Amino acid sequence: MAAPKVAVVGAGVIGLSTALCVTETCPSCSVTVLSDQFSPKTTSDVAAGMLIPHTYPGTPIHVQKQWFKETFTYLFAISNSAEAAEAGIHLVSGWQVFKNTPKEELPFWSDVVLGFRSMSEAELQKFPQHRFGQAFTTLKCDCPPYLLWLEKRLKATGVQMYTRKVTDLWELHSEYNVVVNCMGIGAHQLVGDEKLFPVRGQVLKVHAPWVKNFIRDGDGLTYIYPGIHRVTLGGTREKDIWSLSPDHSTTQDIFDRCCSLEPSLQEAQEIQVKVGLRPSRRSVRLQREVLSQGGLKLQVVHNYGHGAGGFSVHRGTAKEAARLVGECIAALQGSSSRAKL
């Protein structure tokens, strides 16, 4: 068959990194990215981009750890390259603090991040409301520059990108051999996934260049993540709320919570408010599906539902999705060679 045509639907961090992995694992493919929104208007642009994994109850821990390890290794190499600043990737050290000692003092990812250890009594004096903490160094992805860097990489390999709203995967049947669904929360409507639900996140981006260390409350709700130009303050986790409008009282609540962890933030300037809908489900949907309609078949790969943990596992899940695309292409080539017989 001629060069297989692959459409990746969605241009957030999952869609772009999946498209990149497909070009790397299947260089003979023609890859196109289709999305109604590109950076800076994607959900990924709102994300803090901190590599601290979120746990998916429906996915085996060893699989989650593999995804995280592959992502960390990939971004660590970029952070050690001349492209680190353009890609918006840097190492950041800090603390995760708990009011009570967690059941799991060693999370599954503790040996992937750098220098993981329990905090000393002296360090804990910085957080008088907290009794236990973990110190480590991880990677921070400044999301808009990273998405633009991914787009640049894709264009350099000949990937086409078009602004297009896809309302039904079948509309791509006549143009593409394989369709990869990386629609995030949009998959709720696109493929009618009732297991997918929004978790509304509101964050603040502030100018506070003196804040160099990340601080994260162990409940995952309050966090301070310093980026290259801005510090991200969070946050909220509001299940099944679809509103993208900033809430003023929530802004004040986030600011107050973060100031209780880092009082110097009282002097932060230029506060911007951002809202995104995390595409959440019990497990990431990462699978092949063959759609059938009137005797026609469409090879589909799904890669969505990463919730709050997309940046932490994006490269790992993209590699797996690319492998599934390879399976789809092998199946198509097998059926076309059988047809010739």
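All values derive from a computational prediction rather than experimental measurement.

Some thoughts on the packing of helix α2 (residues 61-79) against helix α5 (residues 143-156)
Orientation of α2 relative to α5, taken along the N-to-C sense of each, is 90°, at an axis distance of 14 Å. Considered as vectors, α2 and α5 are oriented roughly perpendicular to each other. Each of Tyr74, Leu75 and Ile78 in α2 lies in contact with α5, whose residues at this interface are Tyr146, Trp149 and Arg153.

Some remarks on the state of the cysteines
A disulfide bridge is the covalent bond that connects two cysteines by way of their sulfur atoms. Using the criterion set out here, one finds 1 disulfide in the structure. Across the disulfide, cysteine 26 is cross-linked to cysteine 29 (sulfur-sulfur distance 2.5 Å). One disulfide, between cysteine 26 and cysteine 29, carries an S-S torsion of 65° and so falls in the right-handed class.

Remarks on the UniProt feature "binding site: FAD" (unreviewed entry) in the protein chain
When the UniProt feature table is mapped to this numbering, "binding site: FAD" (unreviewed entry) covers Thr43, Ser44 and Val166. Turning to its location among the elements, threonine 43 is positioned in the loop between β2 (30-35) and α2. Beyond its immediate chain neighbours, meaning those up to four positions away, threonine 43 contacts Gly276 and Leu277. As for its placement among the helices and strands, serine 44 is situated in the loop between β2 and α2. For serine 44, the residues in contact, after removing those within four places along its chain, are Gly12, Val13, Cys143, Leu147 and Phe311.

A short note on the environment of tryptophan 109
Here tryptophan 109 lies in the loop between β3 (89-98) and β4 (114-118). Taking the C-alpha atoms as reference points, tryptophan 109 and methionine 50, 59 residues apart in sequence, are found 14 Å from one another. Those residues in contact with tryptophan 109 that lie beyond four places of it in its chain are Ile52, Pro53, Phe68, Gln96, Phe116 and Phe136.

Re the packing of aromatic side chains
According to the stated counting rule, one finds 11 aromatic pairs in the structure shown. When the centroid spacing of 5.1 Å and the interplanar angle of 55° are considered together, the rings of phenylalanine 136 and phenylalanine 214 count as tilted. You can see phenylalanine 136 sitting in strand β5 (residues 132-141) and its partner phenylalanine 214 sitting in strand β9 (residues 214-217), a full 78 residues away along the chain. Summarising the burial analysis for this pair, phenylalanine 136 and phenylalanine 214 share the class buried.

Quick word on α2
In a regular helix each residue adds 1.5 Å, so 19 residues correspond to 27 Å; α2 covers 26 Å between its end C-alpha atoms and thus fits that length. Taken together, the buried positions of α2 are occupied by Gln64, Trp67, Phe68, Thr71, Phe72, Tyr74, Leu75, Ile78 and Ser79. All buried residues of α2 project into a common sector of 165° when viewed along the axis, lining one side. Facing away from the buried surface of α2 by more than 90 degrees, the exposed residues are His62 and Thr73.

Points about unusual backbone geometry
Residue proline 40 follows serine 39 across a cis peptide bond; omega there is 10°. Within the secondary structure, proline 40 is located in the loop between β2 and α2. Here glycine 234 and glycine 235 are connected by a cis peptide whose omega angle stands at 0°. Looking at the element boundaries, glycine 235 is found in the loop between β11 (231-234) and β12 (238-239). Its identity is not glycine, yet aspartate 240 carries a phi of approximately 65°, on the positive side. Residue classification places aspartate 240 among the partly exposed positions, given a relative accessible area of 46%.

Quick notes on the rules
- Residues numbered from 1 in each chain as written.
- Predicted model: local features only at pLDDT ≥ 70, side-chain atom pairs only at ≥ 80, totals over all residues.
- Heavy atoms only, no water.
- Axes fitted to C-alpha atoms, helices over the stretch in contact; angles between N-to-C directions.
- Helix = DSSP H or I, 4+ residues; strand = E, 2+ residues; numbered from the N terminus.
- Parallel < 35°, antiparallel > 145°, perpendicular 65-115°, else oblique.
- Contact = heavy atoms within 4.5 Å.
- Disulfide = S-S within 2.5 Å.
- UniProt positions renumbered as here; feature names shortened; annotations may be inferred.
- Phe/Tyr/Trp six-rings, centres within 6.5 Å; stacked < 30°, edge-to-face > 60°.
- Buried < 20%, exposed > 50% of the residue type's maximum accessible area, 1.4 Å probe, protein only.
- Expected span 1.5 Å × (residues − 1).
- Arc of directions from axis to C-beta.

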